[in-house]
Each structure stands twice: as structure tokens, then as C-alpha cells.
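Observations on the model geometry
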Amino acid sequence: MSTTEPLYSRTDAALGTFAVRPLDPFSDAELLHGWVTHPKAAFWMMQDASLPDVEREYMKIAAAEHHDAYIGLHEGRPAFLMERYDPSRLELVGLYDAQPGDVGMHFLVAPTDTPLHGFTRAVITTVMAALFADPETRRVVVEPDVSNKAVHALNEAVGFVVDGPVQKPEKEALLSFCTREQFETATGLTGAVI
């Protein structure tokens, strides 16, 4: 499959078309480097990464059996990064009671000098809708830094419920879950839409 072919797309009534395509660790590395090393991406923990570091990290993800990365598009232009992983095998192994259909998620909105009102919420809605487009996904699991208040508010807005803090090697994380039903209730999107 071409890396330019979207795997999922949706139209936001206010902000237009959002889509998700596979990430190419080689052709996308320079773009990603600018995003993950930007001061606003401090919680991504790659502030000091070199271009080869970023390329290696996403080559590792591309080769991983239980981890995938995607470039999110807004009106056809790269605008966010999305990662999907199996939390029973990565990130949260032994830190919570994993259930069948659990999918872990990370997302990062590209830095911009011209922010759009509601953009980040539209991005997380797109990410969640893309995850729930897979009928095997029953619940999305996230583990953001406990001090990342902005992402906690976004998570709550799309239906996440906080379980509590968990200690990971690199941070204290706030474990939260969102079922398909919680997402649909919070966003108004139905199974037919996603």
C-alpha cells in the first residue's frame, strides 16, 4: 500500500477533512524530527533527538509486531502523529488488567504559528474514530504524564475515564480508559459514522 493512501478519513463540520495514513520512517523522518523536538512536544520526551535518532525510532516502530505509527492529515497536509500499540505487550505490561480489544494510543499535534480553534480536539476525535473503525477495538487505553493537564482535558472530552496513576520507568502516568460507547456518547459520533 502506498504511504500516501489514507487508511481512514472523516470530515469535521467546522474544520474540514482529517485522514490517517501509514508513516514512512524514511520519507517522514525530517517532518517528525521538527515535531518531536519542538518545545511544545516536551511530553513526547524526544527534545534532544537527532534526525537519525528519529529515523531509528520510527524504523523500530515500523518493524514492531505490536506497535504502529501514522501521519495524520488535515486537508491533505501532515498535521499530527498517531501511534497505536498493544498495551498488554508494550508500555503497560503488568501495570493494569489488560482486556481483549484494548488498544493503546499516543498522539502529537504538529506545532504551528497559526492555531485553529478546536483543532486539537478534532485531531483526538479523528484518532479515536480511526481506532474504533477497527471492529476488534473495544477500549482505548492511554497513559499520559500526570502533569499533562491539557491532554487530560482532551481525553475527558472524548470519553476517557481516569483509572489512576501508574508508575512507568520514564514517568508517572495517568492511566485512563475509553470504551466505544463512552466515545460515542462524548462525541455524538455513532458506530455508523466511524
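Here, the structure is the one placed above.
Quick caveat, the model's predicted, so the values are computed rather than measured. (Residues numbered from 1 in each chain as written. Predicted model: local features only at pLDDT ≥ 70, side-chain atom pairs only at ≥ 80, totals over all residues. Heavy atoms only, no water.)

Brief notes about unusual backbone geometry
Positioned with a positive phi, Glu75 is a non-glycine residue whose angle comes to about 50 degrees. Unlike most non-glycine residues, Glu91 shows phi in positive territory, near 70 degrees. Along the chain, Glu91 turns up in the loop between strand E4 (77–85) and strand E5 (102–109). Judged by relative accessible area, which is 31%, Glu91 ranks as partly exposed. (Helix = DSSP H or I, 4+ residues; strand = E, 2+ residues; numbered from the N terminus. Buried < 20%, exposed > 50% of the residue type's maximum accessible area, 1.4 Å probe, protein only.)

A closer look at the packing of aromatic side chains
The tally for this structure, following the rule as stated, stands at 3 aromatic pairs. Here Tyr96 and Phe177 contribute two aromatic rings whose centre-to-centre distance is 5.6 Å and whose plane-to-plane angle is 40 degrees, an arrangement assigned as tilted. In this pair, Tyr96 sits in the loop between E4 and E5 while Phe177 sits in strand E8 (residues 172–179), placing the two residues 81 residues apart along the sequence. Phe177 shares its class with Tyr96; the two are buried. Arg139 extends its terminal NZ or CZ atom over the ring of Phe177, reaching a point 4.0 Å from the ring centre. (Phe/Tyr/Trp six-rings, centres within 6.5 Å; stacked < 30°, edge-to-face > 60°. Lys NZ or Arg CZ within 6 Å of the ring centre and 35° of its normal.)

A word on the layout of surface pockets
Empty space left among the atoms is revealed by rolling a probe the size of a water molecule over them. Its boundaries defined by the atoms lining it, the largest pocket holds a volume of some 1400 Å³. If you trace the largest pocket, you find 48 residues lining it, with Ala41, Trp44, Phe107, Leu108 and Val109 closest to the centre. For the second largest pocket, the calculated volume is near 190 Å³. Lining the second largest pocket are 14 residues, with Arg84, Tyr85, Asp86, Asp102 and Val103 positioned closest to its centre. (1 Å grid on protein atoms, 1.4 Å probe; cavity = no way out; pocket = protein on both sides within 12 Å on 5 of 7 lines; lining within 4 Å. Points joined across faces, edges and corners; volume = space filled by probe spheres on them.)

Some thoughts on helix H1 (residues 29–36)
Residues of H1 that are buried: Ala29, Leu32, Trp35 and Val36. Taken end-on, H1 shows its buried residues confined to a sector of 120 degrees, consistent with a single buried face. Buried-residue contacts for H1 involve helix H2 (51–63), strand E3 (67–74), E4 and E5. (Arc of directions from axis to C-beta. Contact = heavy atoms within 4.5 Å.)

Section: helix H3 (residues 119–132)
Helix length check: H3 (14 residues) gives 20 Å between terminal C-alpha atoms against 20 Å at 1.5 Å per residue, within 8%. When H3 is considered as a whole, its buried residues turn out to be Phe119, Ala122, Val123, Ile124, Thr125, Thr126, Val127, Met128, Ala129, Ala130, Leu131 and Phe132. (Expected span 1.5 Å × (residues − 1).)

Quick word on the pairing of strand E2 (residues 16–22)
Here is the key point about a regular strand: its side chains alternate between the two faces of the sheet. Among the 7 residues in E2, 6 count as buried, and that is most of the element. Pairing analysis gives 5 bridges linking strand E1 (residues 8–12) to E2, with the strands arranged antiparallel. What sits directly across from Thr11, in E2, is Thr17. Connecting E1 to the next strand, E2, in antiparallel fashion are 3 residues. Note that E2 and E3 share 5 bridges and pair antiparallel. The residue bridging Val20 from the neighbouring strand is Gly72, located in E3. (Pairing = 2+ DSSP bridges.)

A word on the packing of H3 against helix H5 (residues 180–187)
Where H3 meets H5, the axes come as close as 11 Å, and the angle between the chain directions of the two elements is 145 degrees. Relative to H5, the crossing made by H3 is left-handed. Along the contact surface, H3 presents Arg121, Thr125, Met128, Ala129 and Phe132, while H5 presents Arg180, Phe183, Ala186 and Thr187. Looking at the contact of H3 with H5, its residues break down into 5 nonpolar, 2 polar and 2 charged. (Axes fitted to C-alpha atoms, helices over the stretch in contact; angles between N-to-C directions. Left-handed = near helix turned anticlockwise from the far one by under 90°. Nonpolar A, V, L, I, M, F, W, Y, C, P; charged D, E, K, R; others polar.)

Quick look at the pattern of salt bridges
Taken as a whole and judged by the stated rule, the model has 11 salt bridges. Note that Arg21 and Asp28 form a salt bridge whose closest N and O atoms lie 2.9 Å from each other. Comparing Arg21 with Asp28, the two get one shared label, buried. Taken together, the shared-partner salt bridges connect Glu91, Glu143, Lys168, Glu170 and Lys171 into one network. (Salt bridge = Lys/Arg side-chain N within 4 Å of Asp/Glu carboxyl O.)

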